[in-house]
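Chain residues, written in single-letter form:
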Amino acid sequence: MSRTRTLRVDRVACTGQGLCAELLPELVRLDEWGYPVLSHRTVPDRLRAHARRAVAACPVLALHTEDDRT
């Protein structure tokens, strides 16, 4: 069984700081109001460390990663 890592944003908790898009521009862009939009939910292996860093840096803990079993 393999695991994939997915990214998600808690839209209620998010305050639009934009740090996630700065740290993980490959997967996160900001909309016109400065809130994150995920281009892909699946985190490629090569970006896992960057995703963990972005999650840890979120000032309101609105960015999360989850392991999905496939």
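Residues numbered from 1 in each chain as written. Predicted model: local features only at pLDDT ≥ 70, side-chain atom pairs only at ≥ 80, totals over all residues. Heavy atoms only, no water.

Here we take up the overall build of the protein chain. On a plain count of helices and strands, the protein chain comes out with two helices and five strands. The helix and strand sequence of the protein chain, counted from the amino end, reads β-α-β-β-β-α-β. In summary, the protein chain has a C-alpha radius of gyration of 12 Å against a globular reference of 11 Å for 70 residues, a match within 12%. Projected onto the principal axes, the alpha-carbon positions of the protein chain cover approximately 40 × 20 × 20 Å. The buried share of the protein chain, reckoned over its 70 residues, is 31%. With 11 positive and 9 negative side-chain charges, the protein chain shows a spacing of 6 Å between the two charge centroids. (Helix = DSSP H or I, 4+ residues; strand = E, 2+ residues; numbered from the N terminus. Rg over C-alpha atoms; globule rule 2.2 N^0.38 Å. Buried < 20%, exposed > 50% of the residue type's maximum accessible area, 1.4 Å probe, protein only. Lys, Arg positive; Asp, Glu negative; His and termini not counted. Charge placed at Lys NZ, Arg CZ, Asp CG, Glu CD.)

Moving on, we come to the environment of His40. Within the fold, His40 resides in the loop between β3 (36–38) and β4 (42–43). Taking the C-alpha atoms as reference points, His40 and Pro25, separated by 15 residues in sequence, lie 11 Å from one another.

The next thing to look at is empty space enclosed by the protein. What the rule picks out here adds up to one cavity of 30 Å³ or more. Roughly 120 Å³ of volume is contained in the largest cavity. Around the largest cavity sit 15 residues that line it, and Cys14, Cys20, Pro36, Cys58 and Ala62 are the ones nearest its centre. Grouping the constituent residues of the lining of the largest cavity by class yields 10 nonpolar, five polar and no charged. (1 Å grid on protein atoms, 1.4 Å probe; cavity = no way out; pocket = protein on both sides within 12 Å on 5 of 7 lines; lining within 4 Å. Points joined across faces, edges and corners; volume = space filled by probe spheres on them. Nonpolar A, V, L, I, M, F, W, Y, C, P; charged D, E, K, R; others polar.)

Core analysis: the largest hydrophobic core is formed by 16 residues, its most contacted members being Leu7, Leu24, Leu27, Val28, Val43 and Leu63. Those elements that provide at least two residues to this core are β1 (3–9), α1 (19–23) and α2 (48–57). Counting residues per element, this core draws most heavily on α2, which supplies three residues. Setting aside chain neighbours within four positions, we find Leu27 in contact with Leu7, Val37, Leu38, Ser39, His40, Thr42, Val43, Pro44 and Leu47. (Core = buried A, V, L, I, M, F, W, Y, C linked by side-chain atoms within 4.5 Å. Contact = heavy atoms within 4.5 Å.)

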